Amino acid sequence: MKRTTQRGGTAPVTGSPRANISASLIDAWWATVLAGDVSEPHPVFGDVKVQLHGSRLRLSGELESDAERKDLVDQARQRIGHGIDGVDVSGLKVTSRTEKAGILEQTLGSAFPSRDAAEFARDFVIKHSRVVPKHSEIVDGNHPDILRKHVPADFARAARRALDSGQALLILTVDETEAFRVRELLEEDTRSEWTVAAPPQLSARTKR
């Protein structure tokens, strides 16, 4: 793999998952991190956790492959001497998966105090997980008829109670291999009232 080194910047990598993302966008993210703002997701690798301890930067989280991990580590090490003195990447792991994508899908439901909160949560989860839902829907008390069509029977009763109490529901259907990551964000980072998952089902493509 051929790499062109740029002092203090990001080197383009042939075949990298960031092939269609501007290097300047990635450099801008790193500049933001080194300025102390670690709240934004990485433009390619999503919700990687970044911590600054003095002049040392620590990265943690899960990546899809060894190539992605190497890519991110290289990016970080290029910044040594440009705001940081060292990088700790011991917390960066590569996801271990035995499941095959495209076979099963799973529907997740979360309750929120309002429709606005549910819309914010949907945008947040999609941005930070880098998952493209197969289907997404927000249901509130103004459109209860949507409930039967989009809410699995497994949590229809809890969904009805939520609507009756004035809450809004965010319904996301994703590939089963991505469901854990999405559910983790819904439960831990969006302040949902509750989050439930229906049992995995054969995807629409598999049923054909």
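Going by the structure above, here's the rest.
Note that this is a predicted model, so its numbers are computed, not measured. (Residues numbered from 1 in each chain as written. Predicted model: local features only at pLDDT ≥ 70, side-chain atom pairs only at ≥ 80, totals over all residues. Heavy atoms only, no water.)

Take the overall build of the chain next. Counting its regular elements, the chain contains seven helices and eight strands. Considering only contacts within the chain whose residues lie at least 6 apart along the sequence, 69% involve residues at least 24 apart. Looking at the chain as shown, the accessible area adds up to about 11700 Å², and 48% of this sits on carbon and sulfur atoms. (Helix = DSSP H or I, 4+ residues; strand = E, 2+ residues; numbered from the N terminus. Contact = heavy atoms within 4.5 Å. Areas by Shrake-Rupley, 256 points an atom, 1.4 Å probe, with all protein chains shown as cover.)

Quick look at the pairing of strand S1 (residues 49–53) now. The sheet contact formed by S1 and strand S2 (residues 56–63) spans five bridges and is antiparallel. Within the sheet, the bridge partner assigned to Lys49 lies in S2 and is Ser60. If you look at the hairpin formed by S1 and S2, you'll find two residues sitting between the two strands, and Gly54 has a positive phi there, around 65 degrees. (Pairing = 2+ DSSP bridges.)

What follows concerns the packing of aromatic side chains. Going through the model one piece at a time under the given rule, you end up with two aromatic pairs. Relative to Phe124, the ring of Phe120 has its centre 6.5 Å away and its plane inclined at 25 degrees; by these criteria the two rings are stacked. One end of the pair is Phe120 and the other is Phe124, both in helix H3 (residues 115–129) and four residues apart, which spans about a single turn. (Phe/Tyr/Trp six-rings, centres within 6.5 Å; stacked < 30°, edge-to-face > 60°.)

Within helix H5 (residues 156–164), burial applies to Ala159, Ala162 and Leu163. End-on view of H5: buried residues confined to an arc of 95 degrees, all on one side of the axis. Looking at H5, the residues exposed on the side facing more than 90 degrees away from the buried face are Arg157, Arg161 and Asp164. Packed against the buried residues of H5 are strand S4 (104–112), strand S5 (135–139), helix H4 (146–150), strand S6 (168–175) and strand S7 (194–197). Of the residues flanking the end of H5, it is Gly166, one or two places downstream, whose phi is positive at about 90 degrees. (Buried < 20%, exposed > 50% of the residue type's maximum accessible area, 1.4 Å probe, protein only. Arc of directions from axis to C-beta.)

The next thing to look at is the pairing of S2. Bridge analysis of S2 against strand S3 (residues 86–94) gives seven bridges, and the strand direction is parallel. When the sheet's bridge partners are listed, Glu62 is paired in S3 with Lys93. Of the crossover connections in this fold, the one passing from S2 over helix H2 (residues 66–77) to the parallel S3 is right-handed. (Right-handed = clockwise from strand over helix to strand, strands pointing away.)

At a minimum axis distance of 10 Å, the contact between H3 and helix H6 (residues 179–189) shows a crossing angle of 130 degrees. Between H3 and H6, the angle is such that the two are oblique. For the element pair H3 and H6, the recorded crossing hand is right-handed. For the pair formed by H3 and H6, the contact residues are Phe124, Val125, His128 and Ser129 on the first element and Arg181, Val182, Leu185, Leu186 and Asp189 on the second. The residue inventory of the contact of H3 with H6, partitioned by class, reads five nonpolar, two polar and two charged. (Axes fitted to C-alpha atoms, helices over the stretch in contact; angles between N-to-C directions. Parallel < 35°, antiparallel > 145°, perpendicular 65-115°, else oblique. Left-handed = near helix turned anticlockwise from the far one by under 90°. Nonpolar A, V, L, I, M, F, W, Y, C, P; charged D, E, K, R; others polar.)

With that out of the way, let us pick up the environment of Val73. Residue placement: Val73 occurs in helix H2. Residue Val73 is classed as buried on the basis of its relative accessible area of 5%. C-alpha of Val73 to C-alpha of Val89: the two residues are 16 residues apart in sequence and 7.0 Å apart in space. With residues up to four places along the chain from it excluded, the contact list for Val73 reads Val89 and Leu92.

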